[in-house]
Amino acid sequence: WKNRFVLAASMYARLKRPDLIYTRCCRVARYATLLGLPVVVEYHGSGMDAIRQLKRAPLRKNLLAIVTVSDYIKADFVSQGIPSEKILVEPGGVDLAPFVKMPSQHVARKLLGLPDDRRVVMYCGHFHEKKGVQYLVEVARHLPDVYFCLVGGWPEDIARLKCQIGDLTNVTFSGFVSHGRVPTYLAAADLLVLPNSGRCLHAYRTCPLKLFEYAGANRPIVASRIPGINSLVNHGQQAWLTQPDSPRDLLVGIERVLGDDTLATRLASEANQWVQQYRWDHRAKRILQH
């Protein structure tokens, strides 16, 4: 049914005679190029999956580009026979408009019921093991005076972490919140954390959108030194990078940034300047120019 659907969608697109088809579906790219349409496809998966779905489409002149988010994925595509000149590496992006109207830290904490007299460390996203949130919980044991706010997580993931927490009182879970409320949560934090694990392929393929949103929130960031993050930001400049899968190094990094207001302010400022180039409209212009 997928093939029937994408074939029908491609034929419908042909009737509209567009100047360009931009798709996140390799099957659409395959059929649309067969129909003579100019196509750009964006794909973040493995090279094997890409070539299985695209088949001979990369060899057609009207497949103008394959967009992906990391050099690692590009190399994987090339290893599967996709021409290097067809591949454009363009990291993810962010809509910065919601962060321009963020409330102050004091107002955000009042709105969310967070303590105003303690440092707040925040994580926002999924709680899968590859995200490394379990290491952040271990850090919380050593920083009883710091409040850890974990935003997101499916119920089963939250239950797993609550078992790990035991009698800790400085960790709270909000569950998933609407995307429109995320800037308010980030505004409430003193420090934002990406503790991603480095023990899976995800560490190479990921281009975490939360990194861009964290930077847009103008708060200091502590993140794992995995390829998907280390390729985007520099240690001590846009973020403080720590050894992945090391609760001890994560603890040291959090203490380092929380204990140095000058460093924290500089990290936040440099990250906010860095992220301006990754606005979605800037990303789209670069892709169209390519």
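Anything mentioned here points back to the structure above.
Residues numbered from 1 in each chain as written. Predicted model: local features only at pLDDT ≥ 70, side-chain atom pairs only at ≥ 80, totals over all residues. Heavy atoms only, no water.

Caption draft 1: Region of interest: helix α2 (residues 26-34). Most of α2 sits out of view: seven of its nine residues are buried. Here α2 has its buried residues at C26, V28, A29, R30, Y31, A32 and T33. Packing partners of the buried residues in α2 comprise α1 (2-16), β1 (21-23), β2 (39-42), α3 (47-54) and β3 (63-68). Looking one or two places after α2, you find G36, whose phi comes out positive at around 85°. (Buried < 20%, exposed > 50% of the residue type's maximum accessible area, 1.4 Å probe, protein only. Helix = DSSP H or I, 4+ residues; strand = E, 2+ residues; numbered from the N terminus. Contact = heavy atoms within 4.5 Å.)

Caption draft 2: Geometry of empty space enclosed by the protein. Throughout the structure, instances matching the rule amount to one cavity of 30 Å³ or more. The volume enclosed by the largest cavity comes to roughly 40 Å³. Every residue along the wall of the largest cavity is listed here: Y135, P195, S224, T242, Q243, P244, D245, S246, P247 and L250. Residue composition of the lining of the largest cavity, by class: five nonpolar, four polar and one charged. (1 Å grid on protein atoms, 1.4 Å probe; cavity = no way out; pocket = protein on both sides within 12 Å on 5 of 7 lines; lining within 4 Å. Points joined across faces, edges and corners; volume = space filled by probe spheres on them. Nonpolar A, V, L, I, M, F, W, Y, C, P; charged D, E, K, R; others polar.)

Caption draft 3: Focus on the nonpolar core. Core analysis: the largest hydrophobic core is formed by 91 residues, its most contacted members being M122 and I254. Not counting the four nearest positions on each side in its chain, I254 is found in contact with V121, L136, V139, L143, L191, V193 and V222. (Core = buried A, V, L, I, M, F, W, Y, C linked by side-chain atoms within 4.5 Å.)

Caption draft 4: Highlighting the packing of aromatic side chains. Under the defined criterion, the tally for this structure stands at eight aromatic pairs. Here the aromatic residues Y123, F127 and F173 are joined through ring pairs into a cluster of three or more. One residue, R30, lies across the ring of Y31, its end atom 4.9 Å from the ring centre. (Phe/Tyr/Trp six-rings, centres within 6.5 Å; stacked < 30°, edge-to-face > 60°. Lys NZ or Arg CZ within 6 Å of the ring centre and 35° of its normal.)

Caption draft 5: Looking closely at unusual backbone geometry. You will see that N218, though not glycine, has its phi angle at about 60°, which is positive. Relative to the assigned elements, N218 resides in the loop between α11 (209-216) and β9 (221-224). Of note in this structure, D245 is not a glycine but carries a positive phi near 65°. Tracing the backbone through its elements, the reader meets D245 in the loop between β10 (240-242) and α13 (247-258).

Caption draft 6: Quick peek at the pairing of strand β8 (residues 191-194). Neither face of β8 is left uncovered, since the one carrying L191 and V193 and the one carrying L192 and L194 both have all their residues buried. The pairing of strand β5 (residues 120-124) with β8 spans two bridges and is parallel. Residue pairing for β8: M122 is matched across the bridge by L192. Where β8 lies against β9, three bridges are found, and the strand directions are parallel. By the bridge assignment, V193 is partnered in β9 with V222. (Pairing = 2+ DSSP bridges.)

Caption draft 7: Representation of the environment of A9 in the model. You can see A9 is positioned in helix α1. Separated by 82 residues in the primary sequence, A9 and P91 place their C-alpha atoms 27 Å from one another.

Caption draft 8: Up close: the side chain of N62. Structurally, N62 is set in the loop between α3 and β3. Apart from the residues within four sequence positions on either side, N62 is in contact with A32, T33, G36, L37, P38 and V39.

Caption draft 9: Region of the structure containing the pattern of salt bridges. Enumeration over the complete set of coordinates arrives at 12 salt bridges. Residues E42 and R283 are paired through a salt bridge, measuring 2.9 Å at the closest nitrogen-oxygen approach. Separated by 241 residues along the polypeptide, E42 in strand β2 and R283 in helix α15 (residues 280-289) bring together distant segments of the chain. Judged by relative accessible area, which is 5%, E42 ranks as buried. Owing to a relative accessible area of 6%, R283 belongs among the buried residues under this scheme. Across the pair R266 and E270 runs a salt bridge whose closest N-O atoms are separated by 3.5 Å. Placement of the pair is R266 and E270 together in helix α14 (residues 261-275), with a separation of four residues, close to one helical turn. (Salt bridge = Lys/Arg side-chain N within 4 Å of Asp/Glu carboxyl O.)

Caption draft 10: Local environment of the layout of surface pockets. The volume enclosed by the largest pocket comes to roughly 430 Å³. For the lining of the largest pocket, the elements supplying multiple residues, two or more each, are α9 (182-187) and α11. Per-element accounting of the lining of the largest pocket gives the leading share, four residues, to α11. Of the residues belonging to the lining of the largest pocket, the class tally is 10 nonpolar, eight polar and three charged. Taken as a whole, the second largest pocket encloses approximately 190 Å³ of empty space. If you list the elements that add at least two residues to the lining of the second largest pocket, you get α4 (71-79) and α12 (227-230).

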